[in-house]
Amino acid sequence: LDKYDRREIKETTPLFRAFGLISGDVDLFKAFNDARGSGTLAYYSFDERAITVRGSKLTRATYATVVHELTHALQDQHFSLSAREKKLVRDTDANMAYHSVLEGEALLVMMAHMLAKNGVSLDEVVKDEAMLAMLGNAAQVDSMIDPSTPRYFVEMLKFPYLEGLKFVATAYRRGGWAAVDRIHANPPRSTREIYDPDEYFARDAAGPARTFNPATPEGAIAAEHLGVFHWRFLVGAENS
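Residues numbered from 1 in each chain as written. Predicted model: local features only at pLDDT ≥ 70, side-chain atom pairs only at ≥ 80, totals over all residues. Heavy atoms only, no water.

Draft legend 1. Inspection of the overall build of the chain at higher detail. Along its length, the chain carries eleven helices and two strands. Of the regular secondary structure in the chain, the N- to C-terminal order runs α-α-β-β-α-α-α-α-α-α-α-α-α. Among the 240 residues that make up the chain, the fraction classed as buried is 47%. Of the roughly 12,500 Å² of accessible surface on the chain, 53% is carried by carbon and sulfur atoms. (Helix = DSSP H or I, 4+ residues; strand = E, 2+ residues; numbered from the N terminus. Buried < 20%, exposed > 50% of the residue type's maximum accessible area, 1.4 Å probe, protein only. Areas by Shrake-Rupley, 256 points an atom, 1.4 Å probe, with all protein chains shown as cover.)

As structure tokens, this is what we get:
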């Protein structure tokens, strides 16, 4: 885990337990590391600004994963991701929303590259919602997560990939890679906007980004912005 992930987990642990998202005996650091590390072929560290590749053979899956992680390296160079992490460390919902942009874009770049190697245009694929959904599932996010991982962590880790891909693909359909680039200047403010891209694109693109960084009231467990993702997890999509 990078340092801001570690800080976020430490600060929000009491809140997660209070809401029943995790049980009292779960080691959060281990659960999150196991969840993210299980089946991972390569990863980019924002702290070290380096890509680590696991294994001794460059398989097709490893090659695709390296393309994905190289995209994260480029995002970090162009959009100063570490600085953004600092600003979002107390806003879990906005953090998840922005990570959805990062993972969705990296997945779309990876797909575009792999499709091109097979003579298929990304433009053809993104027009077909069923095909895009199939490719998103082909990312096999479930297979990368340890089956013993608490359901909350499974859903939290899947969200940026699956919902992020849909969100970024929507932007791509509206204006290609230039439209995707513009998202970084004014990223989605909440997971609600990831679930509903039309809401994001309908608001003023030049509007100031909302931040959530309140002081924790005396005697309170924590002050956090959880948002639609967490409410859907807690009470179901139909009630959130």
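Draft legend 2. Region of interest: a nonpolar patch on the surface. The grouping of Phe19, Trp231 and Val235 at the surface amounts to a nonpolar patch, some 270 Å² of accessible area in total. Assignment of secondary structure puts Val235 in helix H11 (residues 227-235). (Patch = residues over 30% accessible without salt bridge, like charges linked within 9 Å, V, L, I, M, F, W, Y side chains within 5 Å. Salt bridge = Lys/Arg side-chain N within 4 Å of Asp/Glu carboxyl O.)

Draft legend 3. Spatial organisation of the packing of helix H8 (residues 151-185) against H11. At a closest axis distance of 12 Å, the pairing of H8 and H11 adopts a crossing angle of 140 degrees. Relative to H11, H8 is oriented so that their crossing is right-handed. For the pair formed by H8 and H11, the contact residues are Arg151, Tyr152, Glu155, Met156 and Phe159 on the first element and Phe229, His230 and Phe233 on the second. Within the contact of H8 with H11, the residues separate by chemical class into five nonpolar, one polar and two charged. (Axes fitted to C-alpha atoms, helices over the stretch in contact; angles between N-to-C directions. Left-handed = near helix turned anticlockwise from the far one by under 90°. Contact = heavy atoms within 4.5 Å. Nonpolar A, V, L, I, M, F, W, Y, C, P; charged D, E, K, R; others polar.)

Draft legend 4. Structural context of the side chain of Ser45. Within the secondary structure, Ser45 sits in strand S1 (residues 42-45). The exposure class assigned to Ser45 is buried, which follows from its relative accessible area of 7%. A distance of 3.1 Å separates a polar side-chain atom of Ser45 from the backbone nitrogen of Glu48. (Polar contact = N/O pair within 3.5 Å; in protein donor to acceptor, adjacent residues only side chain to side chain.)

Draft legend 5. Expanded view of the pairing of strand S2 (residues 50-53). One ladder, built from four bridges, connects S1 with S2; its direction is antiparallel. Its bridge partner being in S2, Tyr43 is matched across the sheet by Thr52. The antiparallel pairing of S1 with S2 creates a hairpin that spans four residues between the two strands, and Arg49 there sits at a positive phi of about 55 degrees. (Pairing = 2+ DSSP bridges.)

Draft legend 6. Up close: unusual backbone geometry. Phi at Arg49 is positive, roughly 55 degrees, even though this residue is not glycine. Structurally, Arg49 can be placed in the loop between S1 and S2. Here the phi dihedral of Ser80 falls at roughly 50 degrees; this positive angle occurs in a residue that is not glycine. Positionally, Ser80 belongs in the loop between helix H3 (60-79) and helix H4 (81-88).

Draft legend 7. Broad picture of the nonpolar core. Ranked by internal contacts, the top residues of the largest apolar core, which has 43 residues, are Leu108, Leu122, Tyr152 and Phe167. Broken down by secondary-structure element, the contributors of at least two residues to this core are H3, H4, helix H5 (92-117), helix H6 (122-126), H8 and H11. Among the elements that line this core, the one with the most residues is H5, at 13 residues. Every residue in contact with Leu108, bar those within four places of it in the chain, is listed here: Leu122, Val126, Leu165, Val168, Ala169, Tyr172 and Trp177. (Core = buried A, V, L, I, M, F, W, Y, C linked by side-chain atoms within 4.5 Å.)

Draft legend 8. Fine view of the side chain of Ser190. By the element assignment, Ser190 lies in the loop between H8 and helix H9 (191-195). Assessed through its relative accessible area of 13%, Ser190 is described here as buried. Apart from residues no more than four positions distant in its own chain, Ser190 is found in contact with Asp93 and Ala97.

Draft legend 9. Layout of the packing of H4 against H5. Interaxial distance between H4 and H5 falls to 9 Å at its minimum, and their mutual angle equals 155 degrees. In terms of axis orientation, H4 runs roughly antiparallel to H5. Contacts between H4 and H5 involve Leu81, Arg84, Glu85 and Leu88 from the first element and Thr92, Ala94, Asn95, Tyr98, His99 and Leu102 from the second. Among the residues forming the contact of H4 with H5, the class breakdown is five nonpolar, three polar and two charged. (Parallel < 35°, antiparallel > 145°, perpendicular 65-115°, else oblique.)

Draft legend 10. Just empty space enclosed by the protein, in detail. Tallying each qualifying case throughout the model produces one cavity of 30 Å³ or more. Taken together, Leu81, Arg84, Glu85, Leu88, Asn95, Tyr98, His99 and Leu102 make up the lining of the largest cavity. Looking at the lining of the largest cavity residue by residue, the classes come out as four nonpolar, two polar and two charged. (1 Å grid on protein atoms, 1.4 Å probe; cavity = no way out; pocket = protein on both sides within 12 Å on 5 of 7 lines; lining within 4 Å. Points joined across faces, edges and corners; volume = space filled by probe spheres on them.)

Purely geometric numbers; function is a separate question.
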